[in-house]
Amino acid sequence: MTKPDNRNVPLRQYRILLVKYLKPQGWWVLVLTILLFITTGLQLLNPQILRLFIDTAVSGSGSDKLGGAALLFIGLALLGQILNIVTTYVSERVGWTATNWLRTDLTEHCLSLDMPFHNSRSPGELIERVDGDITAMANFFSLFVLKIVGNLLLLIGVLVLVFLEDWRVGLGLLIFSIITVALLSFIRNAAVPASRQERESTADLFGFLEERLAGLEDVRANGASPYVMFRMYERLRDLFHKSYRAWNAIQLAWICVNGMFTIAYVLMLAAGASLLSAGTISLGTVYLFFQYTDMLRNPFQQMTRQIEDLQKASAGIIRVQELYLLQPAIQDHGTIKLPPGPLSVEFEKVSFSYNSIDPIIHDLSFALQPGQVLGLLGRTGSGKTTLSRLLFRLYETDQGAIRVGGVPVHSTPISQLRHRVGLVTQEVQLFHASVRDNLTFFNPAITDDRIMEVINDLGLHDWFARLPNGLDTEFRTGGAGLSAGEAQLLAFTRVFLEDPGLVILDEASSRLDPATERLIERAVDKLLQNRTGIIIAHRLATVQRADKILVLEDGHLLEYGPRLELARQPTSHFYGLMQTGLEGVLA
């Protein structure tokens, strides 16, 4: 993979982003452009009115002309302030709309990336990428147009008007502007790496906080709080040093701008005094030259201020670009639909490893007919969970083929594959949302009547009756307040609502109270009716409903066959497990 330049972002990249996310807002951008031209014109006109006022006062032409010039100046100043407010509103609207679109695109891209990507990055780091980096780019979309483009218009206008008054003064002001812009550009190029390192350090801190807060109980129970605080201190110290270097680059820009304009004021006053003494220009024109020079100070100061935002935007663009360069290894080019009803499962000489070095699955072959239930046994680390992940195409096999419903998994659309294959895991993810949204995964097409039908069918009506607001009851984050059994029953409800043809059950190994256990056993029976099932078994009772047994050991197929036949063969591995009890042997 070729990484983008870590020191600078090409202007072409800025242009691509602006065009992509501003083009859909064409009318608003047009309004913003018109407002920028009008406000810039008013800024350029005001010094001309003041020159007229000064020259009229010096010549003693009359109070009426002076009063008219004063009223015109005040009126245009008020109009300019009103237009500045409107321009700022339009600019912020355009900027945040573009930013939110970019945030949505990046989130969707992250969701499309493979599991190895997510396994190597903490949720806190990804949150900082999607939210922190793109928020840093918000000013790029809004203030870039308002400040950078607007100030460039003002700069060009000032230079043109000064050239029309006196080409020598105009040439001097042009040379001064070129030198100042080149200096600020040099500082900006030098500052981008420092800001990028600051953003990376911030992401590292967010990732650290997310992991430690998620494991707060273990941290406290094991007395690891001092260690966690020390590690946090290290990250904060790193962030401080990198933020300090980025801040120094901004201060350097301020010092350079102030120094350059101090020199410009002296030279402009000297030139104006010389031309006034020679009778070439009027006193009002001397003021005009000085005022136009001072007007350039604001654009350059704002450009200096924007260096920080552009610096952050550049670092954000680099990091977002790096993320976009990552493409999923699992491509979704399938077009064949899976058949209705129970789905067959076939593994043909499948091998797989997570790191291309240590194989997890070795040359695995087996076939499961539609409607059959497979009991999948094996010690921890034997490859049971990996097998289910391969069925979902969360990972791609290194060798061999997997077919579901007679269709190779890579030949069917991933969305349909994951819709037709249901999964109930040991860890059930519940969201801070209503019961309805947790059961339907925010799918409004599933009606309340259908939800209640499934709840009653699974025997959850008593539990549902205890909810204070029915389907509108809000769960707390992570489903706090629910028992493990209740959470798993909700997971069964989710699968029922999808009505898959193949169900994978990774049964909870924790001991449940008898009432909840009976509900789960009933839910399993209901779920496996007219469906193919794969049960990653930890309990003897669950294995008894399997038609076939597959035993894995270190990724190898140790034993496979009909459950009843294996249970009657004293030489079979399954027979030995039955004698000793599954729960202890498979732990």
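Residues numbered from 1 in each chain as written. Predicted model: local features only at pLDDT ≥ 70, side-chain atom pairs only at ≥ 80, totals over all residues. Heavy atoms only, no water.

### Topic: the overall build of the protein
The following threshold applies: The secondary structure listing takes helices from DSSP runs of H or I that are at least 4 residues long and strands from runs of E that are at least 2 residues long, numbered from the N terminus. Remark: exposure states derive from per-residue accessible area (1.4 Å probe, protein chains only) relative to the maximum for the residue type, with buried under 20%, exposed over 50%, and partly exposed in between. Between two residues, a contact is recorded if the distance between any of their heavy atoms is within 4.5 Å. Here the accessible surface of atoms and residues is derived via Shrake-Rupley with a 1.4 Å probe, and residues count as covered only by protein chains that are part of the display.
In terms of regular secondary structure, the protein is built from 21 helices and ten strands. For the protein, the residues scored as buried account for 46% of the 587 residues in total. Counting contacts in the protein only where the partners sit at least 6 residues apart, residues at least 24 apart contribute 78% of the total. Summing over all exposed atoms, the protein offers an accessible surface of approximately 29300 Å²; the carbon and sulfur share of this is 60%.

### Some thoughts on the packing of helix H14 (residues 448-457) against helix H16 (residues 484-498)
Quick reminder of the rule: Whenever a helix is involved, its axis is fitted only over the stretch in contact; in every case the axis is a line through C-alpha atoms, and angles between N-to-C directions fall within 0 to 180 degrees. Here the word oblique covers every angle except those under 35 degrees (roughly parallel), over 145 (roughly antiparallel) and from 65 to 115 (roughly perpendicular). Here a crossing is taken to be left-handed if its near helix is turned anticlockwise relative to the far helix by less than a right angle, and right-handed if that turn runs clockwise. Each residue gets one label: Ala, Val, Leu, Ile, Met, Phe, Trp, Tyr, Cys and Pro are nonpolar, Asp, Glu, Lys and Arg are charged, and the others, such as Gly, are polar.
Running from N to C, H14 and H16 point in directions that differ by 125°, and their axes come no closer than 10 Å. Judged on the interaxial angle alone, H16 and H14 are oblique. The way H14 lies across H16 gives a crossing that is right-handed. Taking contact as the criterion, the partners of Arg450, Ile451, Val454, Ile455 and Asp457 in H14 are, on H16, Thr493, Phe496 and Leu497. Of the residues in the contact of H14 with H16, the class split is five nonpolar, one polar and two charged.

### Concerning the side chain of Ser344
What counts is decided by this rule: Polar contact is the term for a pair of N or O atoms within 3.5 Å; when the atoms are in protein, one must be able to donate a hydrogen and the other to accept it, and sequence-neighboring residues count only if both atoms are side-chain atoms.
Here Ser344 is to be found in the loop between helix H10 (283-325) and strand S1 (345-353). A polar side-chain atom of Ser344 sits 3.4 Å from the main-chain amide nitrogen of Gly406. Apart from residues lying up to four places away in sequence, Ser344 is in contact with Leu368, Gln369, Pro370, Arg403, Val404, Gly405, Gly406 and Thr532.

### So, the pairing of S1
Note the cut-off: Only when DSSP finds a minimum of two bridges between them are two strands counted as paired.
Here six bridges tie S1 to strand S2 (residues 359-368), and the two strands are oriented antiparallel to one another. Paired with Phe347 across the bridge in S2 is Phe366. Between the end of S1 and the start of S2, which pair antiparallel, lie five residues, with Ser356 showing a positive phi angle near 65°.

### Looking at the side chain of Arg420
Short version of the rule: Under the convention used here, Asp and Glu are negative, Lys and Arg are positive, and both His and the chain ends fall outside the count. A side-chain nitrogen of Lys or Arg and a carboxyl oxygen of Asp or Glu constitute a salt bridge if their distance falls within 4 Å.
As for its position among the elements, Arg420 is in helix H12 (residues 414-420). Despite its burial, Arg420 pairs with no opposite charge, the nearest such side chain being Asp499 at 6.4 Å. If we skip the residues at most four places from it in the chain, Arg420 touches Leu338, Pro339, Pro340, Gly341, Leu343, Asp499, Pro500, Gly501 and Leu502.

### Overview of the sheet that holds S1
The four strands are arranged S2-S1-S4-S5 in an open sheet whose pairing can be described as antiparallel. Edge strands, defined here as strands with exactly one partner in the open sheet, are S2 and strand S5 (407-408). Two strands pair when backbone bridges link them, and S1 and strand S4 (residues 399-404) are joined in this way by five bridges, in the antiparallel orientation. Across the sheet, the residue bridging to Glu348 is Ala401, located in S4. Sitting on the sheet, helix H11 (residues 384-391) is in contact with S1, S2 and S4, with an inclination near 115° to S1.

### What about the nonpolar core?
What counts is decided by this rule: What we call a nonpolar core is a set of buried Ala, Val, Leu, Ile, Met, Phe, Trp, Tyr and Cys residues that are connected through their side-chain atoms within 4.5 Å.
Core analysis: the biggest nonpolar cluster contains 42 residues, and Leu377, Trp463, Phe492, Leu505, Leu527 and Ile549 have the highest contact counts within it. Per element, the largest residue contribution to this core is eight residues, and it comes from H16. Those residues within four positions of Ile549 in sequence are excluded, and the remaining contacts are Leu374, Gly375, Leu377, Val543, Glu559, Tyr560, Gly561, Arg563, Leu566 and Phe574. Formed by 29 residues, the second largest nonpolar core is a distinct cluster that contains Leu374, Leu376, Leu387 and Val409.

### A few points about the confidence of the model for the protein
Quick reminder of the rule: Confidence of the prediction at every residue is given by pLDDT, a number between 0 and 100.
Averaged over all residues, the pLDDT of the protein equals 80, while 86% of them reach at least 70. Throughout residues 1-7 the model reports pLDDT below 50, and contacts reaching past four residues in sequence, or to other chains, amount to 15 contacts.

### Re the packing of aromatic side chains
The criterion, for reference: Pairing of aromatic rings covers Phe, Tyr and Trp, the last counted by its six-membered ring, and requires centre-to-centre distances within 6.5 Å; plane angles under 30 degrees mean stacked, over 60 mean edge-to-face, and any other angle means tilted.
Within the structure shown, the criterion is met by nine aromatic pairs. When the centroid spacing of 5.0 Å and the interplanar angle of 80° are considered together, the rings of Tyr354 and Tyr395 count as edge-to-face. Taken together, the residues Tyr354 in the loop between S1 and S2 and Tyr395 in the loop between H11 and S4 connect sequence positions 41 residues apart. Using a relative accessible area of 36% as the deciding quantity, one classes Tyr354 as partly exposed. Take Tyr395: its relative accessible area is 6%, and that puts it in the buried class.

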